Amino acid sequence: MRLTTRRTRLAAVALAAITAVGGLSACGNDDDEPAAGEKPAKLVVDTFGEMGYDELVKQYEKETGIKVELRKTAQLGEYRPKLVRYLATGKGAADVTALEEGILNEFKANPRNWADLNPLVADHSTEYLPWKWELGKAPDGRLIGLPTDVGSLAVCYRKDLFQAAGLPTERDQVSALWPDWNGFHEAGKKYKQGSGGKAFIDSITAVSNGVLFQQGSDLFYDKENNIIADTSPAVKAAWDTATSMVDISAKASTWSPEWSGGFKQGTFAATFCPSWMLGIVADNSGAANKGKWDVAAVPGGGGNWGGSWLAVPEQSKYQKEAAKLAEFLTNATSQVEAFKAKGPLPTNLEALKNEAFLSYTNEYFSNAPTGKIFGESVSKIQPVHLGPKHQAVKENALEPALRAFENGQADKGKAWEQFTKDAKTQGAF
Amino acid sequence: MSLSATTAPPSPAAPPPPDVTSRHRRRYLLNRLDLKYSPYLYIAPFFLIFGAFGLYPMVRTAWMSLHDWDMIGDHSFIGFDNYTRLLSDEYFWNALVNTFGIFALSTIPQLLFALFLANLLNRTFLRAKTFFRMAIFVPNVVSVAAVAIVFGMLFQREFGLFNWLLGFVGVEAVDWDGNTWSSWTAIASMVNWRWTGYNTLILLAGMQAIPKDLYEAAAIDGASQWRQFWQITLPMLKPTFIFVVILSTIGGMQLFTEPLLFGNGNIIGGNQREFQTLAMYMYEMGIVNLNTAGYGAAVAWAIFMIIVLVSLFNFLLVRRSAK
């Protein structure tokens, strides 16, 4: 008996030792790395949301014999931390990586993480919207991103609610109501009167977002990337327009439960829609409201919210091949295909003139010719300069201050103070 | 039959080996080695894992906190600058106040209520005891994200259940995430809902370990239920109570998911940072802002120090008051 116990114990010790050693050696193992310049067996593409690449990737596999793995992440919020991890550890990044407008700038701040595409692809500088192409360049002149899509703005509005309040419902007449933001405010007031005091738009932050990107040139940062939030005319314009509309706002900030619920409840009658937002509006409103929404032009013309680029991380072992794949995914034909598949708006000038693109209509939105509406809006987008912490300043300084004012937590002066103070400290330690 | 590969004793059929003393010595040696070192091997897996996932990150975080660190770029040594900056950082103090505010609103009522429930469940007259004991633990099994999302809906301004109920008694709708006190209350209620049952069970286990004859003796002496609770249950529960308090403290200081989801995932926690906790501030500085990772690491160490201090304080307080 005693012997058995002892033996069992010894065996357990041996087992523990083996496990420990095995665990350690597993940590020490490294993948065998292929020599640089070799033709890859497989390329990996990282995207978020729906970029419409499924079919295109299959086509590329057939044409080149290179296997392509498409890794999709549903939300940008999950995508960004992963990407940060890949870059921080120097491991795991895909060969082709999608970068959204909001996060592009902070990743551009360390351009050495990205391969310079200039020597790897042909010169496409004249084939895309010029401002979009420029944004793909890092401060040191490297070309780090090829343009994919753009989030040009329109207004989504509820025809039934407009009618009940005595406003026109036909989309051209609706667009004619608001050639500028004043007109939009007037329409909102009329709606409020006609509907017995109901709110017109979802929130004033949505307004500021729309106005901000129409101003062109510098927003929160000057060309040398100094923060100029307190003096920038573009920011002031967005601030003034947004704060003036507090009387017609439902105070439901974008993505909040009040906001998502508001679509079904009809808490607001209009909201600002980049093309990628159409699907979200449809989902939030539900099948019961199909055909009640329509799409009109945005006040002031143009405007942009979102949009992406394809970049190749420096850590990719097949930069040349990866660049070629990115080049393929962003060319005119591919952009039209992607739009037809999932709706991201093209940035390639040729794709924007494409018949299939221009004649596209959206069934949920009363068959609105969204291709034409968004296509026209695209050409009016003003080129802007976005600084390194643009997204953080917008989301963690400007919008909270606007919401504090909107909810009556701070008066206009206090809210402005809060904004300028927070803008200065965003990542500025 | 013999199976061991390590000692390889002779088969029983074979005659005993000639050199008995050397065999004995060998066995003695192995025995000693076994007794002396095998315990270390048994606990080695824990220490290996702790080293990799506990100790190393802590040391690394301390190292990072002494740098101006860009997560995906360069870093340079700056000594204790991050810590000096921390002391004059308004938003750090704001987060600290929020954390303690929510902590007080959640831990104190929670532990009192848990004590009450545990005492109730400990009564002999209660029927379907097991059912109640299981049921009270259910909230803790629910994923924290689900809890936060559901409570977020209940506390909505426009269509929320609580505002609807308040409407019945003529109270104006509350903008729950727009005020400090209301947001703290909402978040504390999530924590309370989730952890009261857990603490109840631990306290109940502590109560059941109290010898029954103490109560019997007290009853014979004519002590009331209340007096029994006060003079027997509470003093005997002291060690369990310290444990529960320290656990709640650690949880309370690290509060993250509930306030984050309550604010629709915005890391600054409210338009004016009304409910940004320390853990959220650490995440904002260390993870969200890529180029302030060093400062975020300093916040992380500050949280660690605060937890140690508060736990120590709790420990002393509970020990003294129970004496």
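## Considering the overall build of chain A
Scanning chain A from terminus to terminus reveals 19 helices and 10 strands. The dimensions of chain A, computed from C-alpha atoms along their principal axes, are 90 × 60 × 50 Å. The buried share among the 429 residues of chain A stands at 50%. Within chain A, contacts between residues at least 6 apart in sequence are counted, and of these 74% link residues at least 24 apart.

## Description of the overall build of chain B
Per the secondary structure count, chain B includes 14 helices and two strands. For 323 residues, the compact-globule formula gives about 20 Å, and the C-alpha radius of gyration of chain B, at 28 Å, lies well above that figure. Counting over 323 residues, chain B shows a buried share of 32%. Pairs at least 24 apart in sequence give 67% of the contacts found in chain B among residues at least 6 apart.

## Quick look at the nonpolar core
Ranked by size, the top nonpolar core spans 169 residues in total, and within it A:Ala154, A:Val155, A:Ile201 and B:Val299 carry the most contacts. The two domains that each donate at least three residues to this core are domain 1 (42-150 + 306-358) and domain 2 (151-305 + 366-425) of chain A. Those residues in contact with A:Ile201, other than ones at most four positions away along the chain, are A:Gly188, A:Ala206, A:Val207, A:Met245, A:Ile248, A:Ser249, A:Ala250, A:Phe268, A:Ala270 and A:Thr271. Counting 12 residues, the second-largest nonpolar core is a separate cluster that includes B:Leu117, B:Ala118, B:Met207 and B:Val244.

## A short note on unusual backbone geometry
With phi around 65°, A:Asn225 is a residue other than glycine that occupies positive phi space. Its place among the elements puts A:Asn225 in the loop between β5 (217-218) and α10 (233-244).

## Considering the environment of A:Cys273
The topology assignment puts A:Cys273 in strand β6 (residues 270-274). Separated by 136 residues in the primary sequence, A:Cys273 and A:Lys137 have C-alpha atoms spaced 27 Å apart.

## Some thoughts on the domain arrangement of chain A
Residue and element names in this part refer to chain A. Annotation of chain A at the domain level lists domain 1 (42-150 + 306-358) and domain 2 (151-305 + 366-425). Taking only C-alpha atoms, the centre of domain 1 and the centre of domain 2 are 28 Å apart. Contacts between the two partners involve 18 residues from domain 1 and, on the opposite side, 22 residues from domain 2. With four residues, the top contributor of residues to the side of domain 1 that touches domain 2 is helix α4 (residues 101-108). Among the residues making up the side of domain 1 that touches domain 2, the classes are represented as 11 nonpolar, five polar and two charged.

## Details of the pairing of strand β3 (residues 96-100) of chain A
All names here are of chain A. For β3, the buried fraction is high: five of the five residues fall into the buried class. Of the two faces of β3, the one lined by Val96, Ala98 and Glu100 and the one lined by Thr97 and Leu99 are each fully buried. As paired strands, strand β1 (residues 42-48) and β3 are joined by two bridges and run parallel to one another. Looking across to β3, one finds that valine 45 is bridged to valine 96. Here four bridges tie β3 to strand β8 (residues 304-311), and the two strands are oriented antiparallel to one another. Its bridge partner lying in β8, leucine 99 is registered against tryptophan 309.

## Comments concerning helix α14 (residues 332-342) of chain A
Residue and element names in this part refer to chain A. Among all positions in α14, only Ser334, Gln335, Val336, Glu337, Ala338 and Phe339 are buried. Looking at the buried residues of α14, the elements they touch are α2 (54-64), α13 (319-329), β9 (345-346), α15 (349-352) and α16 (355-358). Of the residues flanking the end of α14, it is glycine 343, one or two places downstream, whose phi is positive at about 100°.

## Looking at helix α8 (residues 180-208) of chain B
Look at α8(B): 40 Å from first C-alpha to last across 29 residues, which is about the 42 Å you get at 1.5 Å a residue. B:Trp195 marks where α8(B) bends most, by close to 40°.

## A closer look at the packing of helix α11 (residues 257-265) of chain A against helix α12 (residues 278-285) of chain A
All names here are of chain A. At a minimum axis distance of 7 Å, the contact between α11 and α12 shows a crossing angle of 70°. For the element pair α11 / α12, the angle class is roughly perpendicular. The chirality of how α11 crosses α12 is right-handed. Here Ser260, Phe263 and Lys264 of α11 come into contact with α12, specifically with Val281, Asn284 and Ser285. Classifying every residue of the contact of α11 with α12 by side-chain character gives two nonpolar, three polar and one charged.

## Concerning the environment of A:Leu278
Residues and elements named next belong to chain A. Tracing the backbone through its elements, the reader meets leucine 278 in helix α12. Residue leucine 278 is classed as buried on the basis of its 21 C-beta neighbours within 10 Å. In the structure, leucine 278 is positioned 17 residues away from valine 295 in sequence and 9.2 Å away in space, judged by C-alpha atoms. Leaving out residues up to four positions away in the same chain, leucine 278 has contacts with Cys273, Gly343, Asn362, Phe365 and Thr370.

## Observations regarding the confidence of the model for chain B
Low-pLDDT portions of the prediction should not be read for the details of their coordinates. All names here are of chain B. Averaged over every residue, the pLDDT of chain B is 87; the share at 70 or more is 93%. Per-residue pLDDT stays below 50 along residues 1-10; that stretch engages in 12 contacts with residues further than four places along the chain or on separate chains. Scoring of the predicted complex yields 0.81 for pTM and 0.78 for ipTM.

## Thoughts on the environment of A:Asn209
Residue and element names in this part refer to chain A. You can see asparagine 209 is positioned in helix α9 (residues 204-212). A sequence separation of 189 residues divides asparagine 209 from leucine 398, and the C-alpha atoms of the two residues are 9.8 Å apart. Setting aside chain neighbours within four positions, we find asparagine 209 in contact with Phe272 and Trp305.

## Topic: the pairing of β6(A)
Looking along a regular strand, one sees side chains alternate from face to face of the sheet. All names here are of chain A. Along β6, five of the five residues are buried, which leaves the element largely enclosed by surrounding structure. Burial of the side chains of β6 extends over both faces: Ala270, Phe272 and Pro274 are buried on one face and Thr271 and Cys273 on the other. Relative to β6, strand β4 (residues 146-158) is paired through five bridges, and the arrangement is antiparallel. Paired with cysteine 156 across the strands is threonine 271, a residue of β6.

What counts, and at which threshold
Residues numbered from 1 in each chain as written. Chains lettered and ligands numbered in written order. Predicted model: local features only at pLDDT ≥ 70, side-chain atom pairs only at ≥ 80, totals over all residues. Helix = DSSP H or I, 4+ residues; strand = E, 2+ residues; numbered from the N terminus. Buried ≥ 20, exposed ≤ 12 C-beta atoms within 10 Å, placed from the backbone. Contact = placed C-beta atoms within 7 Å. Rg over C-alpha atoms; globule rule 2.2 N^0.38 Å. Core = buried A, V, L, I, M, F, W, Y, C linked by C-beta atoms within 7 Å. Domains from an automatic or database assignment. Nonpolar A, V, L, I, M, F, W, Y, C, P; charged D, E, K, R; others polar. Pairing = 2+ DSSP bridges. Expected span 1.5 Å × (residues − 1). Bend = angle between axes of the 7 residues up to and from the residue. Axes fitted to C-alpha atoms, helices over the stretch in contact; angles between N-to-C directions. Parallel < 35°, antiparallel > 145°, perpendicular 65-115°, else oblique. Left-handed = near helix turned anticlockwise from the far one by under 90°. pLDDT = per-residue confidence, 0-100.

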